[in-house]
Amino acid sequence: MSSETKCGAMCIPSSAIEPRVDPSQYRLEMHDIYDELGTKVPDICIVELVVPLSKSAGPYFTGGGEAWIKLDGSRQKLKGPALTEFIKHRIKNRQ
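Anyway, here's the lowdown on the structure attached to this text. Note on numbering: residues in each chain are counted from 1, in written sequence order. For a predicted model such as this one, the threshold for reporting local features is a pLDDT of at least 70, and the threshold for listing and counting side-chain atom pairs is 80 or more; totals across whole chains, interfaces and linings nevertheless cover every residue. Note that the side-chain values use all heavy atoms of the structure and ignore hydrogens as well as water.

1. Observations regarding the overall build of the chain
What counts is decided by this rule: Secondary structure elements are taken from DSSP: a helix is a run of H or I of four residues or more, a strand is a run of E of two residues or more, and numbering for both begins at the N terminus. With a 1.4 Å probe rolled over the protein chains alone, any residue whose accessible area is under 20% of its type maximum counts as buried; one over 50% counts as exposed, and the rest are partly exposed. Values of accessible area rely on a 1.4 Å probe in the Shrake-Rupley scheme; residue burial ignores everything except the protein chains shown.
Assigned secondary structure in the chain consists of two helices and six strands. Listing each helix as α and each strand as β along the chain from the N terminus yields α-β-β-β-β-β-β-α. Out of the 95 residues belonging to the chain, those deemed buried represent 6%. With an accessible surface of roughly 7,800 Å², the chain has 57% of that area assigned to carbon and sulfur atoms.

2. Thoughts on the pairing of strand S3 (residues 40–50)
What counts is decided by this rule: Two strands pair under a simple rule: DSSP has to find at least two bridges between them.
In this sheet, S3 lies alongside strand S2 (residues 27–34) in antiparallel orientation, the contact comprising seven bridges. Counterpart to Glu29 in the pairing with S3 is Glu48. Linkage of S2 to S3, two consecutive antiparallel strands, is achieved through a turn of five residues, within which Gly38 is found at a positive phi near 85°.

3. Concerning the environment of Lys77
Here is the rule we go by: Should any heavy atoms of two residues lie within 4.5 Å, those residues are counted as being in contact. Polar contact is the term for a pair of N or O atoms within 3.5 Å; when the atoms are in protein, one must be able to donate a hydrogen and the other to accept it, and sequence-neighboring residues count only if both atoms are side-chain atoms.
Relative to the assigned elements, Lys77 resides in strand S6 (residues 74–78). Each residue touching Lys77, except ones within four places of it in the same chain, is listed here: Glu66, Ala67 and Trp68. A polar contact of 2.8 Å, which involves the side chain of Lys77, links it to the side chain of Glu66.

4. So, unusual backbone geometry
Look at Asp43: it is not a glycine, yet its phi comes out positive at around 60°. You can see Asp43 is positioned in strand S3. Owing to a relative accessible area of 67%, Asp43 belongs among the exposed residues under this scheme.

Laid out in structure tokens, this is it:
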């Protein structure tokens, strides 16, 4: 890949995720693709985003204000009664 293409691929709108992740805590790794003969395939790669494990049990918010929580390795959108129950549970566990 050309450096121009790589630069374009590395533009991540991290401002769209709340709470924000410190840019020094994640990295992009670009992996080349090879065909069955071991020849590098031009102009294509796998982009891997490596992020640290979060120790926060709190919700995350999108730029549009949607609330999400990670449970048992999956994401769940919190809205309406589910969001209310999440807040109640957090308050109860702090007491």
